[in-house]
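# Tertiary structure, described
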Number of protein chains: 2
Amino acid sequence: MSADHTYPTRQLCEFLARFTLADVPAPVIERTKDLFLDWIASAIAGKDAPAVRKIQEFAAAMGPSTGDAEVFVDRRRTSPYFAALINGASSHVVEQDDVHNGSVLHPAAVVFPAVVAAAQAEGKTGAEVLLASIAGYEAGIRIGEFMGRSHYRIFHTTGTVGTLAAAAAVAKLYNLDAEGINQALGSAGTQAAGLWEFLRDAADSKQLHTAKAAADGLQSAWLARAGFTGAKQILEGAQGMAAGMSSDANPASLTDGLGTRWATAETSFKFFASCRHTHPAADALKVLMQREGISADQIASVTTHVHQGAIDVLGPVVNPTTIHQAKFSMGTVLGLVAVHGHAGLAEFEQHALQDAKVASFRGKVEMELDDEINAAYPRKWLGRVTVRTTDGRTLAARVDVPKGDPDNTLSRPELEAKALQLGAFRHGATEAEMRVIIARVWALESAPNVNDWLPAR
Amino acid sequence: MSADHTYPTRQLCEFLARFTLADVPAPVIERTKDLFLDWIASAIAGKDAPAVRKIQEFAAAMGPSTGDAEVFVDRRRTSPYFAALINGASSHVVEQDDVHNGSVLHPAAVVFPAVVAAAQAEGKTGAEVLLASIAGYEAGIRIGEFMGRSHYRIFHTTGTVGTLAAAAAVAKLYNLDAEGINQALGSAGTQAAGLWEFLRDAADSKQLHTAKAAADGLQSAWLARAGFTGAKQILEGAQGMAAGMSSDANPASLTDGLGTRWATAETSFKFFASCRHTHPAADALKVLMQREGISADQIASVTTHVHQGAIDVLGPVVNPTTIHQAKFSMGTVLGLVAVHGHAGLAEFEQHALQDAKVASFRGKVEMELDDEINAAYPRKWLGRVTVRTTDGRTLAARVDVPKGDPDNTLSRPELEAKALQLGAFRHGATEAEMRVIIARVWALESAPNVNDWLPAR
């Protein structure tokens with residue numbers, strides 16, 4: 001049944017096996033380096049987060065205490081599996097890592113931890129890392145789009161699809177052929193998991209999802225190289241992922257524009273330190289307040305006009321009790337923007353929970369499903385807010401391309417500034433260390449290896 | 001939202017935290033020891049299976065080379081996580097481990113590897129291991145029943161629900177309270193995975209499913225003990241397991257007869273070395289051939305009257321190409337019974353693939369959905385066959401309680417004989433070693449620890 005090579009998953013694998021860095025347009029390679037810097041800074045910023053610390057403790061109890069792979073938050077070494085696990089957990093916890101709009105996937109948090117850990121164990125070059133990472137992005141984004149919006153209503157796509165993205169990336173790093181990549185996806189898909197239910201409890205699962213996606217993806221590729229087999233049609237088969245976890249899967253997405261459309265470069269950077277679903281409205285509110293010259297005190301209420309996915313993910317968060325949960329509170333994010341001018345890492349740390357003005361503003365914000373915005377989503381994340389002022393005016397603003405999107409992206413100076421802030425956030429890297437990292441990333445395609453990003457402390 | 005403790009998952013956790021061995025009827029404890037022996041023999045028999053070997057290689061590359069936990073197939077020691085991983089893989093590969101009919105869960109393959117690995121690292125007693133294992137069975141069986149038949153159509157329940165069964169068991173071993181067990185289930189449920197798609201390719205995923213369920217369940221309990229949180233209503237919540245992976249979930253199943261119904265003792269032993277869905281028909285054919293005194297040559301065709309689940313799982317297997325796949329071929333199993341009198345481990349090894357008579361018989365067997373059998377399933381697994389003889393007769397037979405079911409269970413001599421065969425199968429344990437294991441299992445409730453089952457070689 002899988003003897004023919006005409007099914008969509010196989011066509012995707014054939015492309016992944018075939019393409020080389022010479023096939024990738026130069027701007028896409030440059031953007032991948034941007035994404036890499038943004039990722040490694042995020043992974044470093046996850047230092048000391050309680051959920052990450054517990055995963056470090058687990059790794060210390062269960063994994064080897066030496067190895068080739070680097071753990072960024074504690075500068076120790078272990079095996080690639082555990083390095084991918086910890087770096088996967090830490091990449092996502094400050095909510096500053098990238099996101100691809102159409103697939104609602106956070107590729108960096110799952111692809112790069114797996115690739116770098118595997119590459120460090122095998123002395124792969126920077127060019128090989130870039131190629132493998134692009135394979136992971138191209139596969140993961142298409143698989144996320146394939147799984148559709150119905151999947152994302154219940155499942156955390158970065159956990160589920162992220163496992164396959166990491167597997168595709170490491171399989172490419174290992175130079176597996178189409179058959180091998182297909183086997184890796186089979187093993188990854190059959191362990192793909194991650195449910196949104198944790199949002200109601202502000203639980204630590206989001207870090208477990210990225211940790212396991214990166215580590216299990218690496219495991220799937222490792223096993224495939226060793227000859228361990230998986231289901232060939234794990235995505236579109238009668239008892240595959242779409243059959244079990246989607247009601248609107250579209251197989252054509254799996255092969256959409258292979259070799260011509262570079263989905264990697266469609267990935268957005270986060271400008272605010274919160275869930276991406278809050279960003280369009282936060283942008284629009286910022287525009288409105290600047291345009292009208294009003295302050296938070298003058299605002300009586302804010303209606304954010306949103307897509308259904310925002311309501312699904314943000315709706316359960318009513319009274320955030322942790323900083324991480326506050327990143328999923330539309331009212332808190334808009335409160336930080338209105339009261340403090342920005343909703344970055346520092347604003348969350350200092351003002352998200354204890355600030356009475358922010359808490360008061362939170363109560364003024366509501367979400368309302370908007371048909372136009374919902375129809376445009378997930379390809380476009382349109383921001384629109386309606387503000388009622390204390391003196392009785394009704395004002396509106398919209399932003400069609402949120403800051404950080406490919407058409408409104410961060411410049412290299414902005415990315416460097418963000419990386420320095422992330423390094424400083426928990427003293428994960430000194431400014432001097434981060435500047436060395438920045439210089440290495442901009443020259444990644446000619447790096448002889450990707451070992452030794454941070455000196456042992 | 002989870003502040004009230006009245007939701008079904010919480011009630012299950014309250015029971016799991018509360019009960020002690022004094023609450024468990026003596027016959028249930030005795031049956032648990034039967035299940036333990038049947039499991040450890042199965043885990044030993046998985047030696048040298050290619051899928052298990054590759055998971056051993058992965059563990060050697062990624063895990064520590066020393067530790068407290070025993071790997072039965074190679075008699076090495078590693079950390080509990082990797083011992084649970086390998087022992088979980090090896091427990092299920094010869095398809096001789098137990099099954100609970102109502103939940104279609106194989107509890108032994110996921111519960112015992114996790115419990116024993118965790119217990120060896122902490123010097124827990126035999127009584128503590130029994131108690132924890134019963135907790136895993138009671139939880140896993142109810143969660144499997146809760147997820148319903150719709151879940152099993154796409155998902156391998158032993159992979160998905162097995163993760164929670166292992167988590168509940170290890171959480172009980174760690175003496176976690178109801179809150180801690182609830183957290184463990186939250187982390188387990190959000191990484192619960194396993195799709196049937198691999199059946200079409202005779203792929204190795206089934207071993208990955210039990211391996212990961214055991215290891216990830218252990219991980220979930222370990223993390224819960226360390227304070228890592230998960231979703232409270234991971235099973236019944238609006239974005240929980242049932243919402244994502246079932247259309248007929250029944251929350252009442254989660255608390256069914258807690259403290260009075262001991263689901264552990266409802267678990268069946270496998271008499272044939274094949275998928276449990278083939279057993280009722282194999283039993284019925286055996287009865288029919290003995291009653292009528294006919295041989296395989298005299299049979300023109302066999303119609304097996306089956307439930308939908310059998311068609312879902314066995315239907316894709318038309319021409320088995322591996323011994324493992326042949327265990328999912330109704331025609332092969334019936335062919336072994338008809339031609340060789342039994343479908344045990346030895347018959348599969350010697351005759352499942354190369355024997356022309358068995359292959360010929362395979363072509364005579366068809367499955368037909370039977371409404372009565374389908375309605376009784378999964379609480380009863382009714383066997384019924386209709387045979388047409390070469391001389392034109394139509395014969396029928398039915399078996400209402402297949403051999404190995406609780407009401408037609410294996411005696412201790414039969415269990416010991418099966419354990420010795422499993423030990424001898426790949427020379428995983430000598431007869432003397434297996435007799436030592438047998439004696440220790442029969443006295444498990446008074447064992448000071450569960451370390452050192454097999455001497456290093």
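Residues numbered from 1 in each chain as written. Chains lettered and ligands numbered in written order. Predicted model: local features only at pLDDT ≥ 70, side-chain atom pairs only at ≥ 80, totals over all residues. Heavy atoms only, no water.

The helix and strand inventory of chain A stands at 19 helices and six strands. The C-alpha atoms of chain A give 21 Å as radius of gyration, which agrees with the globular expectation for 457 residues (23 Å, within 12%). Burial status across chain A gives 68% buried among its 457 residues. Pairs at least 24 residues apart make up 78% of the contacts formed inside chain A by residues separated by at least 6 positions. Total accessible area computed for chain A in this model is approximately 13700 Å², and 51% of it derives from carbon and sulfur atoms. Distance between charge centres in chain A, computed from 42 positive and 50 negative side chains, equals 2 Å. (Helix = DSSP H or I, 4+ residues; strand = E, 2+ residues; numbered from the N terminus. Rg over C-alpha atoms; globule rule 2.2 N^0.38 Å. Buried < 20%, exposed > 50% of the residue type's maximum accessible area, 1.4 Å probe, protein only. Contact = heavy atoms within 4.5 Å. Areas by Shrake-Rupley, 256 points an atom, 1.4 Å probe, with all protein chains shown as cover. Lys, Arg positive; Asp, Glu negative; His and termini not counted. Charge placed at Lys NZ, Arg CZ, Asp CG, Glu CD.)

On to the relation of the copies chain A and chain B, then. Under the fitted operation, chain A is carried onto chain B by 0.0 Å of movement along the axis and a turn of 180°, and the coordinates agree to an RMSD of 0.0 Å. On this basis, the relationship between the two copies can be described by a two-fold rotation axis. The overlap is high: 100% of the interface residues of chain A also sit at the interface in chain B, so the same surface is used on both sides. (Least-squares fit on C-alpha atoms with pLDDT ≥ 70 in both.)

Attention now moves to the UniProt feature "domain: MmgE/PrpD N-terminal" (unreviewed entry) in chain A. Under the local residue numbering, the UniProt record ascribes the feature "domain: MmgE/PrpD N-terminal" (unreviewed entry) to residues 10-251 of chain A. With 64% helix and 2% strand, the stretch residues 10-251 of chain A has end C-alpha atoms that lie 11 Å from each other. (UniProt positions renumbered as here; feature names shortened; annotations may be inferred.)

The next point concerns the sheet that holds strand β4 (residues 365-369) of chain A. Residue and element names in this part refer to chain A. Spatially, four strands are ordered β4-β3-β5-β6 in an open sheet, and the strand pairing comes out mixed. Unpaired on one side and paired on the other, β4 and β6 (394-399) mark the two borders of the sheet. On average, each strand axis in the sheet is tilted by 20° relative to the strand beside it, whichever way the strands run. Looking at chain direction, strand β5 (residues 383-389) and β6 are connected through six bridges and run antiparallel. Bridge pairing links valine 385 to alanine 397 in β6. Across the sheet, helix α11 (residues 279-292) lies against β3 (299-306), β5 and β6, angled at about 125° from β6, the strand it touches most. (Pairing = 2+ DSSP bridges. Axes fitted to C-alpha atoms, helices over the stretch in contact; angles between N-to-C directions.)

Residues and elements named next belong to chain B. Locating alanine 108 in the fold gives a position in helix α5 (residues 107-122). Considered as a pair, alanine 108 and proline 406 are 298 residues apart in the sequence and their alpha carbons are 15 Å apart. For alanine 108, the contacting residues outside a window of four places in its chain are Trp39, Asp98, Pro113 and Tyr137.

Formed by 330 residues in total, the largest nonpolar core has its most connected members in Phe36(A), Leu334(A), Trp453(A), Phe36(B), Leu334(B) and Trp453(B). Residue contacts for Trp453(A): discarding those within four places in its chain leaves Phe36(A), Ile40(A), Glu70(A), Phe72(A), Val116(A), Gln120(A), Ile437(A), Arg440(A), Val441(A) and Leu444(A). (Core = buried A, V, L, I, M, F, W, Y, C linked by side-chain atoms within 4.5 Å.)

All names here are of chain A. According to the stated counting rule, one finds eight cavities of 30 Å³ or more in the structure shown. Taken as a whole, the largest cavity holds about 100 Å³ of empty space. Along its surface, the largest cavity is lined by 15 residues, and His106, Tyr152, Trp196, Lys206 and Cys275 are the ones closest to its centre. Class assignment for the residues of the lining of the largest cavity results in seven nonpolar, four polar and four charged. (1 Å grid on protein atoms, 1.4 Å probe; cavity = no way out; pocket = protein on both sides within 12 Å on 5 of 7 lines; lining within 4 Å. Points joined across faces, edges and corners; volume = space filled by probe spheres on them. Nonpolar A, V, L, I, M, F, W, Y, C, P; charged D, E, K, R; others polar.)

Our next topic: the layout of surface pockets. Space inside the largest pocket adds up to approximately 530 Å³. As for the largest pocket, its lining consists of 31 residues, and the residues nearest its centre are Pro50(B), Val93(B), Asp204(B), Thr322(B) and His324(B). For the lining of the largest pocket, the secondary-structure elements that each account for two or more residues are α3 (50-62), α13 (323-326) and α15 (345-351) of chain B. Here the lining of the largest pocket is composed, by residue class, of 15 nonpolar, eight polar and eight charged. If you add up the space inside the second largest pocket, you get close to 420 Å³. Around the second largest pocket, the lining comprises 24 residues; the ones closest to its centre are Ala49(A), Pro50(A), Val93(A), Ile323(A) and His324(A). When residues of the lining of the second largest pocket are traced back to their parent elements, those giving at least two are α3 (50-62), α13 (323-326) and α15 (345-351) of chain A. Here the element with the most residues in the lining of the second largest pocket is α3(A); it accounts for three residues. Residue composition of the lining of the second largest pocket, grouped by class: eleven nonpolar, five polar and eight charged. When residues are assigned to domains, the lining of the second largest pocket turns out to be shared by domain 1 (8-266) and domain 2 (276-403) of chain A, each giving three or more. (Domains from an automatic or database assignment.)

Angle between the axes and distance between the axes are the two parameters that describe a pair of packed helices. All names here are of chain A. The geometry of helix α8 (residues 178-189) relative to helix α9 (residues 205-225) is characterised by a closest axis approach of 8 Å and an angle of 135° between their N-to-C directions. What the angle tells us is that α8 and α9 run oblique. Helix-helix and strand crossings are classified by hand; for α8 and α9 the assignment is right-handed. Contacts between α8 and α9 involve Gly180, Gln183, Ala184, Ser187 and Ala188 from the first element and Ser220, Ala221 and Ala224 from the second. For the contact of α8 with α9, the per-class residue count stands at four nonpolar, four polar and no charged. (Parallel < 35°, antiparallel > 145°, perpendicular 65-115°, else oblique. Left-handed = near helix turned anticlockwise from the far one by under 90°.)

Moving on to the sheet that holds strand β7 (residues 383-389) of chain B. Residue and element names in this part refer to chain B. If you walk across this open sheet you meet the four strands as β6-β5-β7-β8, and the pairing is mixed. Two strands bound the open sheet, and with one partner strand each, they are β6 (365-369) and β8 (394-399). Strand-to-strand, the axes of this sheet are offset by a mean angle of 20°, without reference to chain direction. When strand β5 (residues 299-306) meets β7, the two strands line up antiparallel, connected through five bridges. The residue of β7 that forms the bridge with valine 302 is valine 387.

Bringing the pattern of salt bridges into the picture now. Enumeration according to the criterion identifies 70 salt bridges over all chains in this entry. With a closest N to O distance of 2.9 Å, Asp38(B) and Lys418(B) form a salt bridge. Here Lys418(B) lies in helix α18 (residues 412-425) and Asp38(B) lies in helix α2 (residues 26-45), a separation of 380 residues in the sequence. A single network of salt bridges, built from pairs that share partners, joins Glu30(A), Arg31(A), Lys33(A), Asp34(A), Arg412(A) and Glu445(A). (Salt bridge = Lys/Arg side-chain N within 4 Å of Asp/Glu carboxyl O.)

Turning our attention to helix α18 (residues 412-425) of chain A. An α-helical segment advances 3.6 residues per turn. Residues three or four places apart therefore align on the same side. Residues and elements named next belong to chain A. Relative to the 20 Å expected for 14 residues at 1.5 Å per residue, α18 spans 20 Å between its end C-alpha atoms, a close match to the ideal helical length. Every buried residue belonging to α18 is among Leu415, Lys418, Ala419, Leu420, Leu422, Gly423 and Phe425, and all of these are buried. Considering only its buried residues, α18 is in contact with α2 (26-45), α15 and α19 (431-442). A positive backbone phi angle near 55° is found at histidine 427, which sits one or two residues after α18. (Expected span 1.5 Å × (residues − 1).)

Turning our attention to the packing of α2(B) against α5(B). Residue and element names in this part refer to chain B. Orientation of α2 relative to α5, taken along the N-to-C sense of each, is 90°, at an axis distance of 10 Å. Comparing their axes, α5 and α2 come out roughly perpendicular. The residues of α5 that touch α2, namely those facing Thr32, Leu35, Phe36 and Trp39, are Ala108, Ala109, Phe112, Pro113 and Val116. Residues belonging to the contact of α2 with α5 are distributed by class as follows: eight nonpolar, one polar and no charged.

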